[in-house]
Amino acid sequence: MDSPLRIALIGAGSMGRQHCQHLREVPAARLCAVADPGEQAAAFAAECGVPYYAEHRTMLEQVRPQAALIATPNNLHVSTALDCIEAGVPVLVEKPVGVCLDEVRMLVEASRRHGVPVLVGHHRRHNPLIARARELIASGVLGRLINVTALWQLQKPDSYFDVPWRREPGAGFLLTNLIHDLDLLRHLCGEVRQVQAFTSNGVRGFANEDSAAVLLQFESGALGSLIGSDAVAAPWSWELDSGENPVYPRQPDQPCYLFAGTRGALSVPQLRRWYYAKPGAGWHQPLLSHEESHAPDQALRRQLEHFVAVARSEAEPLVTAADAGRTLALIEAIRRAAESGRACAPEPVG
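As a starting point, this report considers the structure included with it. (Residues numbered from 1 in each chain as written. Predicted model: local features only at pLDDT ≥ 70, side-chain atom pairs only at ≥ 80, totals over all residues. Heavy atoms only, no water.)

On to unusual backbone geometry. Residues other than glycine predominantly adopt negative phi, and peptide bonds predominantly adopt the trans conformation. Cis geometry marks the peptide bond from K95 to P96; its omega dihedral reads -10°. Following the sequence through the fold, P96 ends up in the loop between β5 (91-94) and α5 (101-114). At the junction of V268 and P269, the peptide bond is cis and its omega measures out at 20° in the coordinates. Position of P269 relative to the elements: it lies in the loop between β13 (265-268) and β14 (272-275). Notably, L271 is not glycine yet its phi reads approximately 55°, a positive angle. (Helix = DSSP H or I, 4+ residues; strand = E, 2+ residues; numbered from the N terminus.)

What follows is the structure, given as structure tokens:
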């Protein structure tokens, strides 16, 4: 039996610590080092019983991990991942994969050139609930997919913005939060041909948006909308509805995604499917509904288990750097559309 994969953590903030909690539940891996220049990182490494390094390059040279988790600030994701790839170390890099497409293209090329895999942390794809939703949509049980409605509406407390970078350009909820929802829409419905969008910072007046309305045209011809705000007292979001993360009080009866096709509809996270009893029925007949089953499990832990297989060349990454780059390209298209008032298509990643 293989010995546990030695994984280093680069970036010991809140997300990095979440990874470490789940890593304890993965027998096939173990934490071997922590690298982070922050004041609290050394104490965290001591709690974990592993060596501490202020600088990740020194850690890579001295510890020689077999894989690395990258949970640094967004603007350091690509540069840190490139250092790991140069050292031959497979990486799980938190989303967003980068902050601009040019650097993501560099990462894609470096991974290909060195033969070192990159898995990007769009962890919701690993949730069995999402896997079941994708299976249902792909099976054709909804018929031809026509409309998609996505909601991300909640209220972040004022204290959330005490951290200065959260008030700056690029740190709005488009790149921080809605990137998850857009990635799931791509995963479930296919690629997006073009978008139209409006954004506003009218509630807080910060340098980034606090609300957005996005229209999406998918390559399949399906049309979608994504309406979001982090400044409203509302229950419609994956965080509040799915129960995936226990730090958020759950609103179990509220949907955040609605998929409507010619033969039926599906609400997520409830996995409630709606349909008519007979073909050709319409609005004068009652709709029937059925709650589809799935086996709940921890998405972050499943992602780590998958990463172990990827690092050992036993599986291909579920979310490659190029794949995650296409989600980032969608974010950039939304920003261009909101600024220009015109429909915009996502740029190719390469």
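Having seen the model, we can carry on.
On to the nonpolar core, then. Core analysis: the largest hydrophobic core is formed by 99 residues, its most contacted members being M59, L107, V195, L216, F259 and V268. With 10 residues, helix α7 (residues 173-189) is the single largest residue contributor to this core. Beyond its immediate chain neighbours, meaning those up to four positions away, F259 contacts I137, L142, L145, N147, V148, L185, L188, C189, G264, A265, L266 and V268. (Core = buried A, V, L, I, M, F, W, Y, C linked by side-chain atoms within 4.5 Å. Buried < 20%, exposed > 50% of the residue type's maximum accessible area, 1.4 Å probe, protein only. Contact = heavy atoms within 4.5 Å.)

With that settled, consider helix α6 (residues 128-139). In a regular helix each residue adds 1.5 Å, so 12 residues correspond to 16 Å; α6 covers 16 Å between its end C-alpha atoms and thus fits that length. Taken together, the buried positions of α6 are P128, L129, I130, A133, L136 and I137. Where α6 is buried, its residues touch α7, α8 (238-242), β12 (257-261), β13 and α9 (299-311). Immediately beyond the C-terminal end of α6, within one or two residues, lies G140, with a positive phi of roughly 90°. (Expected span 1.5 Å × (residues − 1).)

In the structure shown here, the tally under the stated rule is four aromatic pairs. For the pair F161 and F206, a centre-to-centre distance of 5.3 Å together with 50° between the ring planes defines the contact as tilted. In this pair, F161 is assigned in the loop between β7 (145-155) and α7 and F206 in the loop between β8 (192-200) and β9 (211-218), connecting sequence segments 45 residues apart. Judged by its relative accessible area of 6%, F161 is buried. (Phe/Tyr/Trp six-rings, centres within 6.5 Å; stacked < 30°, edge-to-face > 60°.)

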